[in-house]
Amino acid sequence: MPRLNKFDVEALLDDYDRDPIAALSRALAKVLDRPVEPWADLIAAAPLGSERRQALLRLDQATLDDLLRELNEQRSL
């Protein structure tokens, strides 16, 4: 699975407050090695548990923040 580089992580962090879904979508598209797709398609393709997937689709803020933290720290899923 591809990893985010320093530039990707900086862009993710810079854009997250303005548009968290767009920022996370760009990062997920890279780590999943998929073209930019709709949010729901990226979440469906990600190796996530069903509860976490449902929370992300509901745009649960705490779950979005957790995904941001994971991508920032691990640079992958």
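This section reports on the structure supplied with the text. (Residues numbered from 1 in each chain as written. Predicted model: local features only at pLDDT ≥ 70, side-chain atom pairs only at ≥ 80, totals over all residues. Heavy atoms only, no water.)

### A short note on the side chain of arginine 53
Part 1 of the reasoning: Here arginine 53 is to be found in helix H4 (residues 50–57).
Part 2 of the reasoning: Buried within the structure, arginine 53 lacks any salt-bridge partner; aspartate 41 is the closest side chain of opposite charge, at an N-O distance of 10 Å.
Part 3 of the reasoning: Apart from residues no more than four positions distant in its own chain, arginine 53 is found in contact with Ile43, Ala44, Ala46 and Leu48. (Helix = DSSP H or I, 4+ residues; strand = E, 2+ residues; numbered from the N terminus. Buried < 20%, exposed > 50% of the residue type's maximum accessible area, 1.4 Å probe, protein only. Lys, Arg positive; Asp, Glu negative; His and termini not counted. Salt bridge = Lys/Arg side-chain N within 4 Å of Asp/Glu carboxyl O. Contact = heavy atoms within 4.5 Å.)

### Some details on the pattern of salt bridges
Note on pairing: side chains with opposite charge can pair once their charged atoms come close.
Part 1 of the reasoning: Here the structure, examined in full by the defined rule, presents six salt bridges.
Part 2 of the reasoning: Close ionic contact of aspartate 8 with lysine 30 constitutes a salt bridge, the shortest N to O distance being 2.5 Å. Of this pair, aspartate 8 sits in helix H1 (residues 6–16) while lysine 30 sits in helix H2 (residues 20–31), placing them 22 residues apart in sequence.
Part 3 of the reasoning: Accessibility expressed as a relative area gives 17% for aspartate 8, which makes it buried.
Part 4 of the reasoning: Here arginine 52 makes a salt bridge to glutamate 70, at a shortest N to O gap of 2.6 Å. In this pair, arginine 52 sits in helix H4 while glutamate 70 sits in helix H5 (residues 61–74), placing the two residues 18 residues apart along the sequence.
Part 5 of the reasoning: Linked through salt bridges whose partners overlap, the residues forming this network are Asp15, Arg18 and Arg26.

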